[in-house]
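Per-entry structural report
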Amino acid sequence: MRKNSAIIFFLLVTIFCIGSTKASAEVKNSQRYVGLHDRVLPIEDIRVIDGDTKVPLAEIAKFLYLPVTVENGATVINKRGKQFVFDPKTGETIQDGKVLSWAPFIEEDGTIFISVKYISREIGFKIDYLKKQQTIRIYRDDYEHMSRELFEKMVIDLIEEKLTNQETSEKLEEPELNYEKAIVYLTFDDGPNQFTTINNETLKNYGVQATFFFLGKQMQANEKIVKTVAKDGHYIGTHSMTHDKNLVYKSTEAFIQEMNEGRDLIKQMTGNDAKLLRVPYGSVPHVTPEMEKELIKHGYKMWDWDVDSNDWRYTVEQANQIFNNVKRDVTRAYQSGDRHIVVLMHDRIQTTKALPEIIEWLQAEGYMLQSYNPDEHISQNFLRDTLL
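Rules used in this analysis
- Numbers given for residues are sequential positions, taken from 1 along each chain in its written order.
- Whole-chain, interface and lining totals are the exception, using all residues; otherwise, since this is a predicted model, local features are given only for residues with pLDDT of at least 70 and side-chain atom pairs are given and counted only at 80 or more.
- Derived side-chain values reflect all non-hydrogen atoms in the structure, with water molecules and hydrogen atoms excluded from consideration.
- A carboxyl oxygen of Asp or Glu within 4 Å of a side-chain nitrogen of Lys or Arg is what we treat as a salt bridge.
- Strands are runs of DSSP state E lasting at least two residues, helices are runs of H or I lasting at least four, and both sets are numbered from the N terminus onward.
- The definition of a polar contact used here is a pair of N or O atoms within 3.5 Å, where within protein one atom must be able to donate a hydrogen and the other to accept one, and adjacent residues in sequence count solely through side-chain atom pairs.
- Whether two residues touch is decided by their heavy atoms; if any such pair falls within 4.5 Å, the residues are in contact.
- The axes used here are C-alpha line fits, helices contributing only the stretch in contact, and every angle between their N-to-C directions lies in the interval 0 to 180 degrees.
- Should an angle fall under 35 degrees it is taken as roughly parallel, and over 145 as roughly antiparallel, whereas 65 to 115 is taken as roughly perpendicular and any remaining angle as oblique.
- Two helices cross in a left-handed way if the nearer one is turned anticlockwise from the farther one by less than a right angle. They cross in a right-handed way if the turn is clockwise.
- Only Asp, Glu, Lys and Arg are considered charged, only Ala, Val, Leu, Ile, Met, Phe, Trp, Tyr, Cys and Pro nonpolar, and every remaining residue, Gly among them, polar.
- Exposed residues in this analysis have more than 50% of their type's maximum accessible area, buried residues have under 20%, and partly exposed residues fall in between, with area computed by a 1.4 Å probe over protein chains only.

1. Re the pattern of salt bridges
- Within this structure, the stated rule accounts for 19 salt bridges.
- Measuring nitrogen to oxygen at the nearest pair gives 3.1 Å for the salt bridge that ties Lys153 to Asp157. Placement of the pair is Lys153 and Asp157 together in helix H4 (residues 148–171), with a separation of four residues, close to one helical turn.
- Three or more residues are tied together by salt bridges with common partners; here these are Asp45, Arg47, Glu108 and Asp109.

Written out as structure tokens, the structure reads:
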């Protein structure tokens, strides 16, 4: 009898443990995701409000290229011949002059959120919902993208990876702050210009190395700045010649020519062979599979970013918002398990004002600041191509 009782007890414990594990997995898997074409967007604050999935407008805007402005206290978006207005005072959404009966926009905790399905459909995207993975995928038929099955597998792999990282981190004690916490790569686009010089001096004052992605047309006009930045030990990569979307992405031939010409200028001015590049506006959805193959063929590496400072959106008086963006998103990236965090900024006046505070916070938090090291390449691109 005792033997039977022991067996029954063992079975009950086993069933309880299995049930607990499953419940735990469901809790851990409660994170929702938003996908765009072949990519899961790095948006963490995804909320379900009144049964509708909403995300911060400022974050989804940079991926859907929404021109967001503020007029008389109201948030305004003009896209594809349509106008969307959100008045935070009344909570009303006005589309093309008509007040909507529901609230696709909403303000919570000082942040404006927008319905993913609403804005996507209104500007011409289709919606696919992966229920098991709690993922909304946005796509357009005129852009080549992977099948639903392949995308679903990618999301499953991503979730499993996050769960593994979470379980590992839960087993480890939080380390004390030190300069091995994580590496942060500060990167600056669109120079060289007068603000490049200021940013370079700031970096020098703090003993920090960074990575600059220069435009060919700017290098031709500011060769002295290019040489100074290289001499001070920073890495310089190309950001195309023109930054003109219509020219850069006109064809595969035009694309690779813009990159090669920029690379040649860097070689000519500094003697360094710059194999790392950043394409204008990010690799997704602009870089086609053919362009991707050409980059690999020419030996290039490509960086997008983990953290977007959104510095271009703010005036110099709003520079503190740039600092807040970097602080928030670097923290999120670190907490998600990222140990090589690439921060996107620009050589602009508002960034020069925010930069000292950004560096001081990163150093105080224990992050190591480095420039790109070709001998220790870290793959960071939206295409998820490990060869780039």
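So that's the structure; there's more coming.
2. Some remarks on the side chain of Asp52
- With respect to the element layout, Asp52 can be found in strand S4 (residues 52–56).
- Side chain to side chain, Asp52 and Lys54 meet in a polar contact 2.9 Å long.
- In this structure, Asp52 is in contact with Arg47, Trp102 and Ser115, ignoring residues within four places of it in sequence.

3. Quick notes on the packing of helix H5 (residues 194–205) against helix H7 (residues 223–231)
- Close contact between H5 and H7 brings their axes to 10 Å; oriented N to C, the two are set at 15°. It follows from the interaxial angle that H5 and H7 lie roughly parallel. Considering only the axes of H5 and H7, their crossing is left-handed. When H5 is examined against H7, the residues Thr196, Thr197 and Asn200 are found in contact with a partner set consisting of Ile225, Thr228 and Val229.
- In terms of residue class, the contact of H5 with H7 is built from two nonpolar, four polar and no charged.

4. Side note on helix H2 (residues 57–64)
- Within H2, seven of the eight residues are buried, leaving the element largely enclosed by the surrounding structure.
- Of the residues making up H2, those classed as buried are Leu57, Glu59, Ile60, Ala61, Lys62, Phe63 and Leu64.
- Of the residues trailing H2, Tyr65 is marked for its positive phi of about 55°.

5. Thoughts on unusual backbone geometry
- Residue Gly191 is joined to Pro192 through a cis peptide bond whose omega torsion reads 0°.
- Val284 connects to Pro285 through a cis peptide bond whose omega is 10°.
- Mapping Pro285 onto the fold places it in the loop between strand S17 (276–277) and helix H10 (289–297).
- Although it is not a glycine, Tyr65 adopts a positive phi angle of roughly 55°.
- Relative to the helices and strands, Tyr65 is located in the loop between H2 and strand S5 (68–71).
- Although it is not a glycine, Asn72 adopts a positive phi angle of roughly 55°.
- Along the polypeptide, Asn72 turns up in the loop between S5 and strand S6 (74–79).

In short, shape yes, function no, at least from these values alone.
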